Amino acid sequence: MSAVMEQDRVPLTEAQKKARRSRSLAIGFGLAALVVIFYIATIIKFVHHTM
Amino acid sequence: MALVEPTHNEEVQLSEATAGDYLELLKPRVMSLVVFTAFVGMVAAPILPHPFLAVVAILAIAAGAGASGALNMWYDADIDAVMSRTASRPIPAGRVKPGEALSFGLVLSALSVMTLGVLANWLAASLLAFTIFFYAVVYTMWLKRSTPQNIVIGGAAGAFPPIIGWAAATGAVSIESVILFLIIFLWTPPHFWALALFKSGDYERAGVPMMPNVAGEASTRRQIFVYSLLIAPVGVLPWALGYASLGYGLVSVVLGAGFVWYAWKVLVMPAEDRTMKAAKALFGYSLLYLFGIFAAFLADVLIGRAFGLAGI
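Residues numbered from 1 in each chain as written. Chains lettered and ligands numbered in written order. Predicted model: local features only at pLDDT ≥ 70, side-chain atom pairs only at ≥ 80, totals over all residues. Heavy atoms only, no water.

All names here are of chain B. Put simply, helix α2 (residues 28-44) and helix α14 (residues 277-306) touch, their axes get as near as 10 Å, and they point 25° apart. When the axes of α2 and α14 are compared, the pair comes out roughly parallel. Considering the relative orientation of α2 and α14, their crossing is left-handed. Mapping the contact onto sequence places L33, F36, T37, F39, V40, V43 and A44 in α2 and L290, F291, F294, A295, F297, L298, V301, L302 and R305 in α14. Each residue belonging to the contact of α2 with α14 can be placed in one class, and the counts come to 14 nonpolar, one polar and one charged. (Axes fitted to C-alpha atoms, helices over the stretch in contact; angles between N-to-C directions. Helix = DSSP H or I, 4+ residues; strand = E, 2+ residues; numbered from the N terminus. Parallel < 35°, antiparallel > 145°, perpendicular 65-115°, else oblique. Left-handed = near helix turned anticlockwise from the far one by under 90°. Contact = heavy atoms within 4.5 Å. Nonpolar A, V, L, I, M, F, W, Y, C, P; charged D, E, K, R; others polar.)

Looking now at the nonpolar core. Residues and elements named next belong to chain B. The biggest cluster of nonpolar side chains holds 91 residues, and the ones touching the most others in it are L116, I164, I183, W193, Y289, F294 and F297. Looking at which element gives the most residues to this core, the answer is α14, with 13 residues. Counting residues in each nonpolar core, the second largest holds nine residues, with A17, I91, V96 and A101 among its members. (Core = buried A, V, L, I, M, F, W, Y, C linked by side-chain atoms within 4.5 Å. Buried < 20%, exposed > 50% of the residue type's maximum accessible area, 1.4 Å probe, protein only.)

Okay, the layout of surface pockets next. Considering only enclosed or pocket space, the largest pocket measures out at about 1300 Å³ in volume. Contributing to the lining of the largest pocket are 49 residues, with K27, V30, R85, R89 and F192 of chain B lying nearest its centre. Only α2, α3 (51-75), α4 (77-80), α6 (122-143), α7 (150-159), α8 (161-170), α9 (175-198) and α14 of chain B provide two or more residues apiece to the lining of the largest pocket. With eight residues, α2 of chain B is the largest single contributor of residues to the lining of the largest pocket. Within the lining of the largest pocket, the residues separate by chemical class into 27 nonpolar, 14 polar and eight charged. Roughly 980 Å³ of internal volume is contained in the second largest pocket. Only α2 (14-48) of chain A together with α1 (19-25), α3 and α5 (98-119) of chain B provide two or more residues apiece to the lining of the second largest pocket. (1 Å grid on protein atoms, 1.4 Å probe; cavity = no way out; pocket = protein on both sides within 12 Å on 5 of 7 lines; lining within 4 Å. Points joined across faces, edges and corners; volume = space filled by probe spheres on them.)

Okay, the interface of chain B and chain A next. Of the residues lining the interface, 25 residues belong to chain B; the matching set on chain A comes to 24 residues. Between chain B and chain A lies a buried interface of about 2300 Å² when both sides are counted; carbon and sulfur atoms form 71% of it. At the junction of chain B and chain A, the tally comes to zero salt bridges. Taken together, the connections running from chain B to chain A amount to four residue pairs in polar contact (both at pLDDT 80 or more). Elements supplying a minimum of two residues to the side of chain B that touches chain A: β1 (2-3), α1, α3 and α5 of chain B. At five residues, the largest contribution of residues to the side of chain B that touches chain A is made by α3 of chain B. The residue makeup of the side of chain B that touches chain A, split by class, is 20 nonpolar, four polar and one charged. (Buried area = accessible area lost by both parts, 1.4 Å probe. Salt bridge = Lys/Arg side-chain N within 4 Å of Asp/Glu carboxyl O. Polar contact = N/O pair within 3.5 Å; in protein donor to acceptor, adjacent residues only side chain to side chain.)

So this is what it looks like as C-alpha cells:
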C-alpha cells in the first residue's frame, strides 16, 4: 500500500469495527435470503403457474 | 482501517450504527400490525396463494411498511428529538445519520415494491408503492405539520395493508378488503388522539398541530366519541353484509360497545384530571380492539372454510 493511500485511511475504533461487522452481516444475510426467496419462488411459479 | 474521502475537518465521522439501529428505523411495532392486518386480508381472499409466495408477499408488504417508517424517521428527526416518546430513536440519538436513513428507506422501498410486483402482482405492488408515498410524502412531509386533521387523512396509509394482502392473493380489490380498510381508517383518529391527549405537551413542544393543542381537549374528546360511534357499526359490517358469521357479528358488537364505553369515559373525563387515566385506558383498549376485530374475522374465515360455511 502506498504512503498516499495510507494517509487517506483512518483507524476505526472498536465500536465502529463492531458496528460495521454487524451491518455487513445483516446485508449479507439479507442478500442471501433474497437469492433463496427468488430461487424457490421462481421454481414454484414455474411448477404451479400461481399468484 | 477505512478509506475515507479527503476532508478539511479534523474529525472524520464514521458510523457506529448497528444492524439493530436500522431495524429500529423500520418501526417494528407498527410493522407487526401491518403484517397481521395484511395477513388477514390475504387469508380472507377467496383465492389462496401458494404458502411460500404468501409468506414472501407478507414479508414484502412488511418491508414496504418498514421503509416508509425509515423515511418518516428521516424527515421527522427534528421533531422526534424534542418529544420524550421519540427522542431515543436512532437518528435523534445520533446512532444513524439522516442520509443513511434516507438511503435505507429508499432502497428498501424499491426492493419491497419490486419483489411484490415480480412475485405476486403489479396491482398489489402499485398499492404498496402508493402506501409508502402516502405515508412518507402526503402524511409525513405535508399533513403532519400543517393540519390537526393530519392523522385522519394520513391514517389511510396504515389502513391499506389488508387491501394489499387481498390484492396480492387475487389481483383485485373487493368490498370485503375495503371494509377492513375502513375499520383501520376510522380506528386511527381516536387511537392517536387518545395518545395525543396525554402526550399533548410533547406535540406542542415539537410544533405538531395535533387536535388537543389546536382545537383543545374538550373538542378532541368529543371528536373521539364521534369516531367511536362510527367505528362500532363499521366493525359489524362484515357480518351485516354477509361476509362473516353471526359469531363474528356478536364479537364485533361487544368490542364496538367497549370502544364506545371507553370513548364515553374520555368524553366525561374531568378537565382537571391531568393523570388522563381514561385517555390511557382508551389508547390501550383501541389496540386490543383492532387486534380483536381482525383476529375474530380471521378465525371466522378459517372456521367457515374448515366447515364449509360462509356468512351464516
